[in-house]
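Geometric and topological summary
Residues per chain are reported as follows:
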Amino acid sequence: MSAVSDRLPVFPWDKLEPYKKTAAAHPDGIVDLSVGTPVDPVPEPVQKALIAAADSPGYPTVWGTPELRDALTRWTERRLGARGVTHHHVLPVVGSKELVAWLPTQLGLGPGDQVAFPRLAYPTYEVGARLARADHVAYDDPTELDPANLKLLWLNSPSNPTGRVLSKEELTRIVAWAREHGVLVLSDECYIELGWEADPVSVLHPDVNGGSYDGIVAVHSLSKRSNLAGYRAAFLAGDPAVLGPLLQIRKHGGMMTSAPTQAAVVAALGDDEHVRVQRERYAARRTALREALLGHGFRIEHSEASLYLWATRDESCWTTVAHLADRGILVAPGDFYGPAGEKFVRVALTATDERVQAAVTRLTP
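Summary of the structure given here. (Residues numbered from 1 in each chain as written. Predicted model: local features only at pLDDT ≥ 70, side-chain atom pairs only at ≥ 80, totals over all residues. Heavy atoms only, no water.)

1. Focus on the packing of aromatic side chains
Operational definition: Only Phe, Tyr and Trp rings take part, Trp by its six-membered ring, and two of them pair if their centres are within 6.5 Å. Stacked means planes under 30 degrees apart, edge-to-face means over 60, and tilted covers everything else. To sort residues, take the accessible area from a 1.4 Å probe on protein chains only and compare it with the maximum for the residue type: under 20% means buried, over 50% means exposed, and anything in between is partly exposed. We count a charge as sitting over a ring when the NZ of a lysine or the CZ of an arginine lies within 6 Å of the ring centre and within 35 degrees of the ring normal.
As enumerated under the stated definition, the model contains 11 aromatic pairs in all. Seen in terms of ring centroids, Phe117 and Tyr125 are 6.4 Å apart; in terms of plane orientation they differ by 25°. Their pairing is stacked. The buried category is assigned to Tyr125, whose relative accessible area is 0%. Measuring from ring centre to ring centre gives 6.4 Å for Phe336 and Tyr337, while their planes differ by 55°; the resulting arrangement is tilted. Like Phe336, the residue Tyr337 is buried in the burial classification. Site record: aromatic cluster; members linked through ring pairs are Trp13, Tyr19, Trp310, Trp318, Phe336, Tyr337 and Phe344. Seen from the ring of Tyr308, Arg346 lies directly overhead, with NZ or CZ sitting 3.8 Å from the centre.

Spelled out as structure tokens, the structure:
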């Protein structure tokens, strides 16, 4: 019997190690703009909530505390414009990557079923299909897909890696098409709080879904908005007919968020001020890096939202990676996100102000 790992591609980030060594050898140290891991402090109210809940000797529940579910429903209504959200419309998960990787399996998909995702996309969408032994297909416009065996349609707006935002009209058209063909829509909206030149809209908004959550589920994460990547805190919101069975499956699997993390999420979703402060940090870093890259001969496409700049010098992405590594800057090659990214690199905004300024200095003629 084949090992499960045989179904998976080579872990892409391992390919970056030689370039990381080159960048680390720079006299002033490496500027790592590759992975996109938060570097700023966890907001103080969130830390305090975690500490206050530290004495949690009992098992937490998979569905979360009533206080957590209240926080999730309030936030989706306040921030996303959703209406009529109840506890049955929300489900905490142990970080969004876990959910993306295992969702096709938990939905019971397998050989002959198809999972679709954008042409340029987070690689874990494909990994999830492979783990379930399902087929997978990349799209430019999902409504041009053959819906015959299509069971799961991933949307990602704002996009990782490109920062592209789907308009309200595009989302409405795609949701209507998916419903017509009985295709479940999973909308990865983890960067929705980080719109710069666009105002991202959720599939949970009534203008998109017509006031019904049938056949749609949104994925949200606190990793970027609240610097909680280390907490593994995310959640689903949408169709109770999908979330109810998932809850039962995840109970059997013990896929529960820790009790202190649940308390921290309640605090994080109840406080908008730290999100505003973090947005300002990222906006300043984005402006500085964008101007430096343009001055260095790069062209930037999309990037109207999210935590990345999608940049190109119209050459192999690995040539660009090497060029920047020689200057002590590490970025992600675009082909990590699909063959269509072969001439682009993804530049993350997740470095300290000091490291961002170091990158700007190195890129300036």
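We are not done yet, so read on.
2. Details of the nonpolar core
The condition is simple: We define a nonpolar core as any set of buried Ala, Val, Leu, Ile, Met, Phe, Trp, Tyr and Cys residues linked to one another through side-chain atoms lying within 4.5 Å. In this analysis, two residues are considered to be in contact whenever any of their non-hydrogen atoms come within 4.5 Å of each other.
Counting residues in each nonpolar core, the largest one holds 69 residues, and the members touching the most others are Leu33, Trp154 and Leu236. Those residues in contact with Leu33, other than ones at most four positions away along the chain, are Leu289, Ile329, Leu330, Val331, Ala332, Arg346, Val347, Ala348, Ala351 and Ala359. Membership of the second largest hydrophobic core comes to 41 residues, among which are Leu204, Tyr231, Phe235 and Ala237.

3. A word on the sheet that holds strand β5 (residues 150–156)
Here is the rule we go by: Whether two strands pair depends on DSSP finding at least two bridges between them. Helix and strand assignments come from DSSP, with helices taken as H or I runs of at least 4 residues and strands as E runs of at least 2, each series counted from the N terminus. Axis geometry follows a simple rule: fit a line to the C-alpha atoms, using only the stretch in contact for helices, then measure angles between N-to-C directions, giving values from 0 to 180 degrees.
The strand order β2-β8-β7-β6-β5-β3-β4 describes an open sheet built from 7 strands, whose pairing is mixed. The sheet terminates laterally at β2 (90–93) and β4 (135–139), the two strands that pair on one side only. Taken over all neighbouring pairs, the strand axes of this sheet differ in orientation by 20° on average, direction set aside.

4. Some words on the environment of Val185
Of note, Val185 is situated in strand β6 (residues 184–188). For Val185, a relative accessible area of 1% translates into the label buried. Remark: the alpha-carbon pair of Val185 and Pro104, spanning 81 residues in sequence, is separated by 12 Å. Apart from residues no more than four positions distant in its own chain, Val185 is found in contact with Leu153, Leu155, Ala178, Gly215, Ile216 and Val217.

5. Regarding helix α10 (residues 273–295)
Worth spelling out the cut-off: In a helix, the anticipated span is given by 1.5 Å times the number of residues less one.
Spanning 23 residues, α10 covers 34 Å between terminal C-alpha atoms, matching the ideal 33 Å at 1.5 Å per step. Taken together, the buried positions of α10 are occupied by His274, Val275, Gln278, Tyr282, Arg285, Arg286, Leu289, Ala292 and Leu293. Contact partners of the buried residues in α10: α9 (259–269), β9 (299–301), β10 (308–312), β13 (344–348) and α12 (353–363). Looking one or two residues past α10, Gly297 carries a phi angle of roughly 100°, positive in sign.

6. Here we look at the packing of α10 against α12
Applied cut-off: For classification purposes, an angle smaller than 35 degrees is called roughly parallel, one larger than 145 roughly antiparallel, one from 65 to 115 roughly perpendicular, and anything else oblique. In this scheme the handedness of a crossing depends on how the near helix is turned from the far one: anticlockwise by less than a right angle means left-handed, clockwise means right-handed. Under the grouping applied here, Gly and all other residues not named as nonpolar or charged are polar, the nonpolar ones being Ala, Val, Leu, Ile, Met, Phe, Trp, Tyr, Cys and Pro and the charged ones Asp, Glu, Lys and Arg.
Contact pair α10 / α12: the axes reach a minimum separation of 9 Å and the direction vectors enclose 15°. Comparing the axis directions of α10 and α12 gives the class roughly parallel. Taken as a pair, α10 and α12 cross one another with a handedness that is left-handed. Between α10 and α12, the residues in contact are Arg285, Ala288, Leu289, Ala292 and Leu293 and Asp353, Val356, Ala359, Val360 and Leu363, respectively. Each residue belonging to the contact of α10 with α12 can be placed in one class, and the counts come to 8 nonpolar, no polar and 2 charged.

7. Description of the pattern of salt bridges
Quick note on the threshold: Take a side-chain nitrogen of Lys or Arg and a carboxyl oxygen of Asp or Glu: if they are within 4 Å of each other, that pair is a salt bridge.
Evaluation of the coordinates by the stated rule reveals 21 salt bridges. Ionic contacts of the salt-bridge type, sharing partners, join the residues Asp28, Glu354, Arg355 and Arg362 into one network.

8. Description of the side chain of Asp113
For clarity, the cut-off: A positive count includes Lys and Arg, and a negative count includes Asp and Glu. His and the chain ends are not counted in either.
Within the secondary structure, Asp113 is located in the loop between α4 (96–106) and β3 (114–118). Lacking a salt bridge, the buried Asp113 has Lys151 as its closest oppositely charged neighbour, with an N-O distance of 4.4 Å. What Asp113 contacts, discounting residues up to four positions off in sequence, is Gly108, Ala134, Asp135, Asn149 and Lys151.

9. Topic: the packing of helix α2 (residues 44–52) against α9
Contact geometry for α2 and α9: axes closest at 8 Å, N-to-C directions at 150°. By the angle between their directions, the pair α2 and α9 is classed as roughly antiparallel. As for how α2 packs across α9, the hand of that crossing is right-handed. In this structure, α2 uses Pro45, Val46, Ala49 and Leu50 to contact α9, whose residues at the interface are Pro260, Thr261, Ala263, Ala264, Ala267 and Ala268.

10. What to know about the sheet that holds β10
Taken together, the 4 strands give an open sheet; going across it, the order is β9-β10-β13-β12, and neighbouring strands pair in antiparallel fashion. A single partner strand is all that each edge strand has here, and the edge strands are β9 and β12 (332–333). Pairing analysis gives 3 bridges linking β9 to β10, with the strands arranged antiparallel. In the strand pairing of β10, Glu301 is matched with Trp310.

11. Here's the deal with the pairing of β6
Defined as follows: Looking down the strands as they point away from the viewer, one classifies a crossover as right-handed if the path from the first strand across the helix to the second runs clockwise.
In terms of burial, β6 is largely enclosed, as 5 of its 5 residues are buried. What you see with β6 is no split at all: Leu184, Leu186 and Asp188 on one side and Val185 and Ser187 on the other are buried throughout. Pairing between β5 and β6: 5 bridges, direction parallel. Residue Trp154 lies in a different strand from β6, and its bridge partner there is Leu186. As a crossover connection, the stretch from β5 through helix α6 (residues 168–180) into β6 is right-handed. Bridge count between β6 and strand β7 (residues 216–221): 4 bridges; the pairing is parallel. Each bridged residue has a counterpart across the sheet, and for Ser187 the counterpart in β7 is Ala218.

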